[in-house]
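As a plain string of letters, each chain reads:
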Amino acid sequence: MPLKTIAIGLNILLLILCLGFFIGHGLPKSLMLWSSAILWFFAPMVNLLYIRKNP
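Residues numbered from 1 in each chain as written. Predicted model: local features only at pLDDT ≥ 70, side-chain atom pairs only at ≥ 80, totals over all residues. Heavy atoms only, no water.

**Comments concerning the overall build of the chain**
Of regular secondary structure, the chain possesses two helices and zero strands. Its C-alpha atoms give the chain a radius of gyration of 13 Å, more than 25% over the compact-globule value 10 Å for 55 residues. Dimensions of the chain, computed from the C-alpha atoms along their principal axes, are close to 40 × 20 × 10 Å. Split into buried and exposed, the 55 residues of the chain put 13% on the buried side. Accessible surface, the chain: about 4600 Å² in total, of which carbon and sulfur atoms supply 78%. (Helix = DSSP H or I, 4+ residues; strand = E, 2+ residues; numbered from the N terminus. Rg over C-alpha atoms; globule rule 2.2 N^0.38 Å. Buried < 20%, exposed > 50% of the residue type's maximum accessible area, 1.4 Å probe, protein only. Areas by Shrake-Rupley, 256 points an atom, 1.4 Å probe, with all protein chains shown as cover.)

Right, dumping it as structure tokens:
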């Protein structure tokens, strides 16, 4: 399996886990949880955009 395919799969898994957190626990109540959730969502998005831009 190419490394690019593994990286895409793991980033999609992180996005699914992030959505699962919100579905399972609802909206976070503390600022620390909000900042963690935002980073947890944007880090894989940035990675996927970078992978898409650089073939």
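**Considerations on the packing of helix H1 (residues 3–25) against helix H2 (residues 31–53)**
As a packed pair, H1 and H2 sit with axes 9 Å apart at the nearest point and diverge in direction by 155 degrees. Considering the angle they form, H1 stands roughly antiparallel to H2. Where H1 crosses over H2, the handedness of that crossing is left-handed. When H1 is examined against H2, the residues Lys4, Ala7, Ile8, Asn11, Ile12, Leu14, Leu15, Leu17, Cys18, Phe21 and Phe22 are found in contact with a partner set consisting of Trp34, Ala37, Trp40, Phe41, Pro44, Met45, Asn47, Leu48 and Ile51. (Axes fitted to C-alpha atoms, helices over the stretch in contact; angles between N-to-C directions. Parallel < 35°, antiparallel > 145°, perpendicular 65-115°, else oblique. Left-handed = near helix turned anticlockwise from the far one by under 90°. Contact = heavy atoms within 4.5 Å.)

**Some points on the side chain of asparagine 11**
Tracing the sequence through the fold places asparagine 11 in helix H1. In this structure the side chain of asparagine 11 is engaged in a polar contact, spanning 2.8 Å, whose partner is the backbone oxygen of alanine 7. If we ignore the near neighbours within four places in the chain, the residues touching asparagine 11 are Pro44, Asn47, Leu48 and Ile51. (Polar contact = N/O pair within 3.5 Å; in protein donor to acceptor, adjacent residues only side chain to side chain.)

**Points about H2**
An ideal rise of 1.5 Å per residue puts 33 Å on 23 residues; H2 measures up with 33 Å between its terminal C-alpha atoms. The elements touched by buried residues of H2 are H1. (Expected span 1.5 Å × (residues − 1).)

**Let's talk about the packing of aromatic side chains**
Centre distance and the angle of the planes are the two values used to describe a pair of aromatic rings. Per the counting criterion, the structure on display carries four aromatic pairs. With a centroid separation of 5.7 Å and an interplanar angle of 70 degrees, the aromatic rings of phenylalanine 21 and phenylalanine 22 are classed as edge-to-face. Classification of phenylalanine 22 as partly exposed rests on a relative accessible area of 24%. Linked through ring pairs, Phe21, Phe22, Trp34 and Trp40 together constitute an aromatic cluster. (Phe/Tyr/Trp six-rings, centres within 6.5 Å; stacked < 30°, edge-to-face > 60°.)

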